[in-house]
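Topology and contacts: notes
Single-letter residue listing:
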Amino acid sequence: MECNHAMSEAVSYCENESYTKLKNKIIMKNAKYSINANLVYKNGYSGKNVNIAVLDTGVFKHKQLDGCIKHFMDFVGGKETCYDDNGHGTHVCGILSAADIGMAPGAGLYVFKVLDYLGMGQTSDSIRALKYIKENCVRLNIKILNFSVGYLPCSDTAERVKILKLIDELWDMGVVVVAVAGNYGPAPFSVTVPGISRKIITVGSFDDIRSGKGPTDCCIVKPEILAPGHDIISLGTRDGTYVRKTGTSMATPIVSGAIALLLEKNPNMRPEAVKLALYNTCDRAGDSHKGSWGIINVDKLVGIL
């Protein structure tokens, strides 16, 4: 078992401040406006009946996640009840499905803790979690895997190959895999593993200069899709608290949540078709992001416009 470490791709701003519910809604509404996520909610979409697997630091059972958390497994400490001793995973889950601010508040969450209190972890734990998802994704009806974890260049090559193989196998089985580009940009070839996979959807942040940039070593365009990732408000690890974080870890669940809205409307859509829909509906980005397809446009993606 290698002891290579993965690092959660966040956090330049992490302010443990309490915000009023109204202010949080306004802040996240601005983020949603920037990606044209407006009419989709007025038309009743919420990600209902779409399950999302989350590999991260765990999750705190915040009141805004009531009814969303369907399953929790701890590959770090072996605990059976939900917890998050870092906060990163709870923040990601909030972006996905929080009742007040989430992209897809109707979606179900299957949370797998693979990172510790420092946001670090052994790649072998992520491999065990991915194997579990592969063996149970049909039974659990998991449609999306949100992978807000990026592996550092020092990660063992054999371990990285295993991660990429499992990720690609999940994609082929019908799970839409969405991964971070990482925060090691803006230099070229700075996308982290597993975001370098040719098959999966890799997400960058259009408002964070550190967002990983492609191409990959195999000359594949990455990240394909951009979303807001700077100063994103989401859930803290105490009820009633909210925190700000920045990075591609925040942009990635925005895209995963948007895909949940799309799959609610089109439940039999294959990952390849989802990726093509993103390409066909995104808004072209400026010159600073010319290596990507563009910025996600949620209303166009779901077919509201």
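Residues numbered from 1 in each chain as written. Predicted model: local features only at pLDDT ≥ 70, side-chain atom pairs only at ≥ 80, totals over all residues. Heavy atoms only, no water.

Here's the deal with the packing of helix α3 (residues 88–97) against helix α6 (residues 248–265)
The line we're drawing: Axes here refer to lines fitted to C-alpha atoms; in helices the fit is confined to the stretch in contact. Angles between the N-to-C directions go from 0 to 180 degrees. By definition, any uninterrupted DSSP run of H or I lasting at least four residues is a helix, any uninterrupted run of E lasting at least two residues is a strand, and each is numbered from the N terminus. With the far helix as reference, a near helix turned anticlockwise by less than a right angle produces a left-handed crossing, and one turned clockwise produces a right-handed crossing. The criterion used for residue contact is that any of the two residues' heavy atoms lie within 4.5 Å. Ten residues, namely Ala, Val, Leu, Ile, Met, Phe, Trp, Tyr, Cys and Pro, are considered nonpolar, four, namely Asp, Glu, Lys and Arg, are considered charged, and the remaining ones, Gly among them, are considered polar.
Contact geometry of α3 with α6 gives a least axis separation of 8 Å together with a crossing angle of 35°. Judged by the sense of rotation from one axis to the other, the crossing of α3 with α6 is right-handed. On the side of α3, the interface is formed by His88, His91, Val92, Ile95 and Leu96, while α6 contributes Ser249, Met250, Pro253, Ile254, Ser256 and Gly257. For the contact of α3 with α6, a count of residues per class yields six nonpolar, five polar and no charged.

Some remarks on the UniProt feature "active site" (unreviewed entry) in the protein
The line we're drawing: UniProt positions are given in the numbering used here, feature names are shortened, and annotations may be inferred rather than shown by experiment. The buried label goes to any residue with under 20% of its type's maximum accessible area, the exposed label to any with over 50%, and the partly exposed label to all in between, with areas taken from a 1.4 Å probe on protein chains only. Identification of polar contacts relies on pairs of N or O atoms within 3.5 Å, with a donor-acceptor requirement for protein atoms, meaning one able to donate a hydrogen and the other able to accept it, and with residues adjacent in sequence counted only if both atoms are side-chain atoms.
As annotated by UniProt and renumbered to match this structure, "active site" (unreviewed entry) occupies Asp56, His88 and Ser249. Over a stretch of 194 residues, the named residues converge on one spot in the fold, their C-alpha atoms separated by at most 9.9 Å. By the secondary structure assignment, aspartate 56 is in strand β2 (residues 51–56). For aspartate 56, a relative accessible area of 0% corresponds to the buried category. Beyond its immediate sequence surroundings of up to four residues, aspartate 56 is in contact with His88, Gly89, Val92, Phe112, Lys113, Val114, Leu115, Ser148 and Val149. A polar side-chain atom of aspartate 56 sits 2.6 Å from a polar atom in the side chain of histidine 88. Along the chain, serine 249 turns up in helix α6.

A look at the pairing of strand β11 (residues 232–235)
Two faces make up the sheet, and in a regular strand the side chains alternate between them. Worth spelling out the cut-off: Here, strands pair whenever DSSP counts at least two bridges between them.
For β11 and strand β12 (residues 242–245), the ladder comprises four bridges, and the chain directions are antiparallel. Bridge pairing in β12 links isoleucine 233 to arginine 244. Count of turn residues in the β11/β12 antiparallel hairpin: six residues, of which glycine 240 carries a positive phi of about 85°.

Here we look at α6
Side chains three or four residues apart in an α-helix point the same way, a direct result of the helix having 3.6 residues per turn. Keep this limit in mind: In a helix, the anticipated span is given by 1.5 Å times the number of residues less one.
In this model, α6 (18 residues) spans 26 Å end to end at C-alpha, consistent with the 26 Å of a helix rising 1.5 Å per residue. Within α6, 16 of the 18 residues are buried, leaving the element largely enclosed by the surrounding structure.

Let's talk about the nonpolar core
Just so we agree on the cut-off: Only buried Ala, Val, Leu, Ile, Met, Phe, Trp, Tyr and Cys residues count toward a nonpolar core, and they belong to the same one when joined by side-chain atoms within 4.5 Å.
Judged by nonpolar contacts, the single largest core of 86 residues is most densely connected at Leu145, Ile259, Ile296 and Val298. Counting residues per element, this core draws most heavily on α6, at ten residues. In this structure, isoleucine 296 is in contact with Ile35, Ile225, Leu226, Ala227, Val255, Ala258, Leu278, Cys282 and Leu301, ignoring residues within four places of it in sequence.

Some details on the packing of aromatic side chains
Our working rule: Here a Phe, Tyr or Trp ring, Trp counted by its six-membered ring, pairs with any other such ring whose centre lies within 6.5 Å, and the pair is stacked when the planes are under 30 degrees apart, edge-to-face when over 60, and tilted otherwise.
Applying the stated criterion across every chain, the model contains five aromatic pairs. Measuring from ring centre to ring centre gives 6.1 Å for phenylalanine 72 and tyrosine 83, while their planes differ by 70°; the resulting arrangement is edge-to-face. Here phenylalanine 72 is found in strand β3 (residues 69–74), whereas its partner tyrosine 83 is found in the loop between β3 and α3, with eleven residues between them in sequence. Each member of the pair, phenylalanine 72 together with tyrosine 83, is buried. Arranged with centres 5.0 Å apart and planes meeting at 75°, the rings of tyrosine 279 and tryptophan 293 form a pair that is edge-to-face.

Focus on helix α4 (residues 123–140)
As a reminder of what qualifies: The term bend refers to the angle at a residue between two fitted axes, each drawn through seven residues, those ending there and those starting there.
Here α4 spans 23 Å end to end across 18 residues, near enough to the 26 Å set by a 1.5 Å rise per residue. Helix geometry: α4 is bent most strongly at lysine 134, by close to 40°. Listed as buried for α4 are Thr123, Ser124, Asp125, Ser126, Ile127, Ala129, Leu130, Tyr132, Ile133, Asn136, Cys137 and Leu140. Positive backbone phi, at 55°, marks asparagine 141, one or two positions downstream of α4.

Some words on the environment of alanine 37
Mapped onto the elements of the fold, alanine 37 is located in the loop between α1 (21–33) and α2 (39–42). Given the relative accessible area of 4%, alanine 37 is considered buried. As a C-alpha pair, alanine 37 and asparagine 297 span 260 residues in sequence and 7.0 Å in three-dimensional space.

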